[in-house]
Structure formats: C-alpha cells, structure tokens
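# Structural features, examined
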Amino acid sequence: MLRRGLVTWVSRLALALVVVCCCLSLLYTLACSPWSDEAQVLLPRANGPTGKEGFQALLQEREEQHRHYVNSLKKQISQLKEALQERSEQLRSMQDSRERAAGVSPVDLLDGTSEWSHADLQEFFRSQLNRAEVHQGTKLPSEYAVVPFESFTLQKVYQLEMGLTRHPEEKPVRKDRRDELSETIEMALQVLNSPREGSNLLPHKAYSTADFVEGISRTEKDKGTLYELTFRRDQSHEFRRLLFFRPFGPLMKVKNEKVDTAYTLINIIVPLAKRADKFRQFMHNFREVCIRRDGRVHLTVVYFGKDQVSEVKGILENTSKEINFRNFTLIQLNEEFSRGRGLDVGARAWKGNNILLFFCDVDIYFTSDFLNSCRLNAQPGEGYITGFLSLFYQVIKKDTGFWRDFGFGMTCQYRSDFINIGGFDVDIKGWGGEDVHLYRKYLHSNLLVVRAPSRSLFHLWHEKRCEDELPPEQYKMCMQSKAMNEASHSQLGMLFFRHEIEAHLRKQKHRAAGKKA
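On a predicted model such as this, the values are computed, not experimentally measured, just so you know.

### Considering the confidence of the model for the protein chain
- Overall, the predicted model of the protein chain reaches an average pLDDT of 77, with 70% of residues at or above 70.
- Overall, residues 34–48 carries pLDDT values under 50, and its contacts beyond four positions in sequence, including any with other chains, amount to 14 contacts.
- Across residues 103–113 the pLDDT falls below 50, and counting only partners more than four positions away or on other chains, this stretch makes 19 contacts in the model.

Structure below.
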C-alpha cells in the first residue's frame, strides 16, 4: 500500500515537472522571439493540434516569423546604405560645385575640358546670390569701397558716377541700359499680375507701369546686379516691393592667341603750325621713347604755313644726323591750320602697305608702354580711341590732372579702316570738332571701337587761346576745354575764394597773438 502510494506520488510529481518545463519553455520562446507588427502572441489554435505537435508547429511558425523579420532588417540596412551613399555623392557634388563657384573660374567651359550640368550652373548662380550684398551687408574698410546704388524711374536714371554726360540725371542713352531696365520692370509686372504661389486666384489689382514708383540698382562686377522696385497699391500708404538679382555667369574662354608685334610699324602723325619750341620738347621725348627704346615708328609732320617752318626742319635734320634716324616725312601746306585736314593728309600720304596710324598732338607726352597698347588694342577692323590724362603739373595726383574723357583726338587705327569710313571732315577749320566727327563715323560703322583710358599718355599743360574767328559752337567747346585745363575744381575754388581764405588766416593769426599776450 505504501509502495503504491509512493509510485503514484512520483508519477504525479514527474507529470508536474514536465508541465512546468513546458510552460517555462513556452514562456522563454515568447519572451526571446521578436514581436510581430500586430504584437499578437501566437498560441495553439483551439481546433489545431495539441500537445507536442502543437508546440512544434508553434515553434516552427515563430522561427519563420523570426527569419522574415531578420530578412526585413537586412533589406532595410541595405536600403539605408544605398541612401547614405547617394546622399554622400550629392553632398560631394554640391561641395565641388561650391568650390568651382567660389574659387575656380570655369574659363574652359566652351572647349569641353570642364563639363557643367544645369544643376552645376544653378548652384553657381545661387552661390553668386549668397555672396552678393542682398540679404545682409559686408564689412568694408572705408567709404571709398562702397558700391553706390543708382535710382531710376520710367524715364530717368539718377547716378552718383555721372560719366561722360556730367549730368546727375539722364535718360538711358545706351541701348543695353534701356533694355536692362525695361526687362526688369516688365518682369516685376509679370510677377505682380500672376497668381500667388499655391493659389490659382489672380491678384485683385492689375498693376501697370503707371503704378511704378521708383527703383534702385547696383552692380557688383564679380557677382551680379541687384534691383529693388517699388509699386504703388490702391491705398496711398501701401506699396509692393520686389527684389531681383541678375547673377553673372561663369567666365567663358573666347580666344587664346599669340600676338606678335615685332614687325608692327606705327606711323605717328602730328599736325603743326608754329609752336617750334613745343615741337622741340616733343622731339626730345620722341628720341628717347620711339627711336632709342622702340625703334618701330615712322613720324609724319604736317606743317601749316611758313612761319617757323625752318626751325622745325632744323630740329628734324639734327635728329636725323645725331642718331641716324630717317623714318620721317615733313609735309608743308600753305593754308590755314586745320587739325582734321592735317591728319587726313598725313594718313593718305603713306604709300606703303596697310599701316597702324597714331594721331597725335605736339603737346602729348607718351611712353613706350603706350606704343605697345596701341599695337595690342588696335587691329584691322578695330579702332583704339584712348582717354588720356590731362596734367596741370608733371605729377600724377588728385589735384594735378584729370582724365580727358571728353577728348577723342588721340586715336590708333589702321589706315585701311580710316580710309574706308571716309576720314576726317576737312571742312572744319581751326580747333575742335574734327575728333568728335571721326569718332561718330566709327560708331556708325560696323567696326569695333575700343574706348579705354591709357595710363601712359599725357596732355601737357599749355596756355590755351580761343581765337575770335572760331564759329560759336567751336568757340564754346574751346572755352570749356580751357576752363577744365586751367586747374582742378578745388584749386579753382581756392583761387576764387582766396580773399575769404586770406581774411580767415588773418583773424586766426590775430587770435593766436592775443592768447600769447
């Protein structure tokens, strides 16, 4: 009886241990396996297999879910790696674009050595916008570094840098300037009269040029042009302001050529009447620059009248003997002086091949650097119209000279181009006007005109006389030139107010003496 009870107790204990082990195994499997998306625990189905078979099916199903989960994680990791690689390539491309936009000029864009995509150009233009003074200012060393704005209306432009016209306000004369401002205003009207972004509704007010109040613009030459335009709304105190930026594109190589000026001869033509002392000074510089240093020039002197002609001949002959120089021609005209006539005769007198002409005056001083500029900037089909410094004294400073930007008389051009456009107006007598007429002939032709200042060309000061025989227009031009040629604006002011200045100095001296006493 005791043995039977013991066996029964052991059997029950063993069964209890088996049940406990199964429960622990099931709990371990559920706890250590990943959850499904629905976070549901899979238990044996009510009508499914039970016991050992049920648990084996359950384990197989959980193992299958685990395998799917692992595969999903591997796929996600692979996708993340691909996205990371793509993003890295995008960042690298953007960095390269920024480096090219900021530091490397794509000068070889046209010849295929540098391939710029549309995205690269867009990134370059965005970098130009970010570099420009649009959203915030830039620290500048002084007021001289400021790029000033111009203001404009539909008809006028108001500018601090007045240029050749000397007018603080002017109508845009240059076609590119007119087209630039017209395009900007038209673009602003198109934006104002278009539906807002994210809406198909048109604005309640139709804007026109009559609503344009004013605009301001300025150009940073290495970045682009900023435009700010203001339009009036219905209410007098309400306005619409628009900002546009025209970015400058990357540099594009147009030409890369060798220029050899070793055999380019310049025929320097000088019209002259009297003024033998000035001609002697001119020849002193001519000897040093043209004969000793350069050696590729011919001098043509067209002399009007007989007075002092023997002195001029003597100066040329002495130069020829002393330094063995024979590349000169002296043409004498027994008629009234006319600068245009003299230059025209001198240019047509040349009988050799097509030659480079330099129209010069006797009171012009130049260096060998200018002769190189003349050869480099003037080509057949291109005229070089220089702007030169007019000096009050032999020192280049603020108050000792000015750019003679209204003078067009010192020019370099090939003889064939000069003949083809018709040369000078020889009916103009005396001083002035002939250079403007010739300049306009070049502008009205298809020839390329290079108008640029030369740092190596100077007009030496001399007393200017305006003859009574000049027509009113020429006399006015002569007097204006005389006024500009006498002294700088500040120096003329000091002379004009010298009595007030002297009185002020006397008062200061008297006060100083009183304090000492």
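### Concerning the pattern of salt bridges
- Applying the stated criterion across every chain, the model contains 17 salt bridges.
- A salt bridge links Arg241 to Glu228; its shortest N-O distance comes to 3.8 Å. Here Glu228 lies in strand S5 (residues 224–232) and Arg241 lies in strand S6 (residues 239–247), a separation of 13 residues in the sequence.
- In this structure, Arg339 engages Glu434 in a salt bridge whose closest nitrogen and oxygen atoms are separated by 3.0 Å. With Arg339 in helix H7 (residues 339–349) and Glu434 in helix H10 (residues 434–444), this pair connects stretches of sequence that are 95 residues apart.
- It is possible to trace a salt-bridge network through shared partners that takes in Glu150, Arg177 and Glu180.

### Overview of a negative patch on the surface
- Taken together, Glu336, Glu467, Asp468 and Glu469 make up a surface patch of like negative charges.
- With respect to the helices and strands, the residue Glu469 is situated in the loop between strand S15 (448–459) and helix H11 (472–486).
- For Glu469, a relative accessible area of 67% gives the class exposed.

### As for the environment of Asp369
- Examined against the element boundaries, Asp369 turns out to sit in helix H8 (residues 368–377).
- A relative accessible area of 42% places Asp369 in the partly exposed class.
- For Asp369 and Ser454, which are 85 residues apart along the polypeptide, the C-alpha to C-alpha distance reads 9.3 Å.

### Points about unusual backbone geometry
- Backbone geometry places Arg275, a non-glycine residue, at a positive phi of 55°.
- Position of Arg275 among the secondary structure elements: in the loop between strand S7 (266–272) and helix H5 (276–294).
- Arg275 gets classed as partly exposed once you look at its relative accessible area, which sits at 30%.
- Notably, Asn324 is not glycine yet its phi reads approximately 55°, a positive angle.
- The topology assignment puts Asn324 in the loop between helix H6 (309–323) and strand S9 (328–333).

### Some remarks on the packing of H5 against H6
- As a packed pair, H5 and H6 sit with axes 10 Å apart at the nearest point and diverge in direction by 25°. In terms of axis orientation, H5 runs roughly parallel to H6. Two packed elements cross with a definite hand, and for H5 against H6 that hand is right-handed. Of H6, the residues touching H5 (which contributes Ala276, Phe279, Arg280, Met283, Arg287, Ile291 and Arg292) are Glu311, Val312, Ile315, Leu316, Asn318, Thr319, Glu322 and Ile323.
- Counted by class, the contact of H5 with H6 contains eight nonpolar, two polar and five charged residues.

### Here we look at the packing of aromatic side chains
- Using the criterion set out here, one finds 16 aromatic pairs in the structure.
- Ring geometry for Phe212 and Phe231: centres 5.3 Å apart, planes at 55°, overall tilted. Pair noted here: Phe212 is in strand S4 (residues 212–220) and Phe231 is in strand S5, with a separation of 19 residues, a long-range link. Side by side, Phe212 and Phe231 carry an identical accessibility label, which is buried.
- Cation over ring: Arg451 sits above Tyr439, and NZ or CZ is 6.0 Å from the ring centre.

Definitions and cut-offs
Residues numbered from 1 in each chain as written. Predicted model: local features only at pLDDT ≥ 70, side-chain atom pairs only at ≥ 80, totals over all residues. Heavy atoms only, no water. pLDDT = per-residue confidence, 0-100. Contact = heavy atoms within 4.5 Å. Salt bridge = Lys/Arg side-chain N within 4 Å of Asp/Glu carboxyl O. Helix = DSSP H or I, 4+ residues; strand = E, 2+ residues; numbered from the N terminus. Patch = residues over 30% accessible without salt bridge, like charges linked within 9 Å, V, L, I, M, F, W, Y side chains within 5 Å. Areas by Shrake-Rupley, 256 points an atom, 1.4 Å probe, with all protein chains shown as cover. Lys, Arg positive; Asp, Glu negative; His and termini not counted. Charge placed at Lys NZ, Arg CZ, Asp CG, Glu CD. Buried < 20%, exposed > 50% of the residue type's maximum accessible area, 1.4 Å probe, protein only. Axes fitted to C-alpha atoms, helices over the stretch in contact; angles between N-to-C directions. Parallel < 35°, antiparallel > 145°, perpendicular 65-115°, else oblique. Left-handed = near helix turned anticlockwise from the far one by under 90°. Nonpolar A, V, L, I, M, F, W, Y, C, P; charged D, E, K, R; others polar. Phe/Tyr/Trp six-rings, centres within 6.5 Å; stacked < 30°, edge-to-face > 60°. Lys NZ or Arg CZ within 6 Å of the ring centre and 35° of its normal.

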